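# Analysis of the macromolecular model
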Amino acid sequence: MNKVNRTPKDVACGQLAGGAFFYAMRSCEYTKVSGDRRTKLLEIRNFEFFRDNKLMDLNHPELHLADVCVVTSFFQKNDKQDDSVPQHRTFDPVLCPVKCWASVIKRILSYPSTGPNTPINTYLKDGKLCQVSSKMLLDRLRAVINRLAKMFLDSRPTRWARTPSVLVQQWLCTSLMFLSIQSCWLADGRAMPSCDTFANKYKNSVLVSPTA
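Below: a short report on this structure. (Residues numbered from 1 in each chain as written. Predicted model: local features only at pLDDT ≥ 70, side-chain atom pairs only at ≥ 80, totals over all residues. Heavy atoms only, no water.)

## Here's the deal with the pattern of salt bridges
Taken as a whole and assessed by the stated rule, the structure comprises five salt bridges. Of the charged contacts in the structure, one is a salt bridge between R51 and E62, with a shortest N-O distance of 2.6 Å. In this pair, R51 sits in strand β1 (residues 47–51) while E62 sits in the loop between β2 (54–55) and β3 (68–73), placing the two residues eleven residues apart along the sequence. On the accessibility criterion, R51 (28% relative accessible area) is partly exposed. (Salt bridge = Lys/Arg side-chain N within 4 Å of Asp/Glu carboxyl O. Helix = DSSP H or I, 4+ residues; strand = E, 2+ residues; numbered from the N terminus. Buried < 20%, exposed > 50% of the residue type's maximum accessible area, 1.4 Å probe, protein only.)

## Notes on the sheet that holds β3
What the four strands build is an open sheet, ordered β2-β1-β3-β4; its pairing is antiparallel. Edge positions in the open sheet fall to β2 and β4 (83–88), since each of these has one partner strand only. Summarising the sheet, β1 and β2 pair through two bridges and their orientation is antiparallel. If you follow R51 over to β2, its bridge partner there is K54. (Pairing = 2+ DSSP bridges.)

## Side note on unusual backbone geometry
For D52, which is not glycine, the phi dihedral falls at a positive 55 degrees. Structurally, D52 is set in the loop between β1 and β2. In this structure, S113 is a non-glycine residue whose phi angle is positive, near 60 degrees. Structurally, S113 is set in the loop between α3 (97–109) and β5 (122–125). Look at S113 and you get exposed, because its relative accessible area is 75%.

## Description of the nonpolar core
By size, the foremost hydrophobic cluster in this structure holds 33 residues, and its most contacted members are M25, F47, F49, W101 and I120. Breaking this core down by element, the ones donating at least two residues are α1 (8–22), β1, β3, α3 and α4 (134–144). Leaving out residues up to four positions away in the same chain, F47 has contacts with M25, L42, L58, C69, V70, V71, W101, I105 and I120. (Core = buried A, V, L, I, M, F, W, Y, C linked by side-chain atoms within 4.5 Å. Contact = heavy atoms within 4.5 Å.)

## Here's the deal with the packing of α1 against α3
It is at 8 Å that the axes of α1 and α3 come closest, and there the two elements cross at 140 degrees. By the criterion of interaxial angle, the relationship of α1 to α3 is oblique. Crossing hand, α1 versus α3: left-handed. Where α1 approaches α3, its residues V11, A12, Q15, L16, G18, G19, A20 and F22 are matched on the opposing element by P97, C100, W101, S103, V104 and R107. Among the residues making up the contact of α1 with α3, the classes are represented as nine nonpolar, four polar and one charged. (Axes fitted to C-alpha atoms, helices over the stretch in contact; angles between N-to-C directions. Parallel < 35°, antiparallel > 145°, perpendicular 65-115°, else oblique. Left-handed = near helix turned anticlockwise from the far one by under 90°. Nonpolar A, V, L, I, M, F, W, Y, C, P; charged D, E, K, R; others polar.)

## So, α3
Taking 1.5 Å as the rise per residue, α3 with 13 residues should run 18 Å; its terminal C-alpha atoms sit 18 Å apart, in good agreement. What α3 keeps buried is the set P97, V98, C100, W101, A102, V104, I105, R107 and I108. Elements that come into contact with the buried residues of α3 comprise α1, α2 (27–30), β1, β3, β4 and β5. (Expected span 1.5 Å × (residues − 1).)

Written out as C-alpha cells, the structure reads:
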C-alpha cells in the first residue's frame, strides 16, 4: 500500500498500516473509531526512539536509523498503564517498525501547530489537520488485498493489524508468553487467535481480486 501512495491521506494510511502491524495494535490505538474506547488513541509523545542506548530527539534527521522504537500506551482496556513495547529496526527498506513510525512522526511534525500531543493518525489536507479513521484505512486495504483478506476484515475492520501479526509470529514459532507481552493480549474473555483456527475457517476460500 505504501508504494501506490498518491494523496496525503493515502500516505498516512500506508504508514499507519505498516507501523501498526509490528505492534499488533488495536484499531483505536492508531485510527479514529466510533464510540468511546478505553484504549486511547496514541499521540506523538507515546513514541520514543533510541540509538546506541540513547534517546533521540523526535526532530533528529536520522530518526529512521534508530536501533529501536518504543511505544508506550498510557492506558488500555486491559487496565495496564504505561505499558511499553519495543521493536528493533530491521534491514528491510519498507517492512521496518522504526522506519514506519519515524516516517509518521517526521511527517506530522512537519505540519504547522503540531507537537507532542498531536494524534498519530493526523494528516494535512488543504492546509487543515485531519485524522485517518478506521473506515478510511479499511477502504484502502480492501482496494489492494484479495478476497480472502476481505472476508476476514468484514467482521473486525482494522483488527487486521493485530490478529495477523499474532498469527505470523505463531507461524514463526514465537512463544505465547512473548506474544502476550508484545501485543498486550491478556485473558480478557477472548482467546488469542490460532493459526489452525484461521486456516480451517478459510481453507475453502479462493484468492481473487476484490474488483472481480
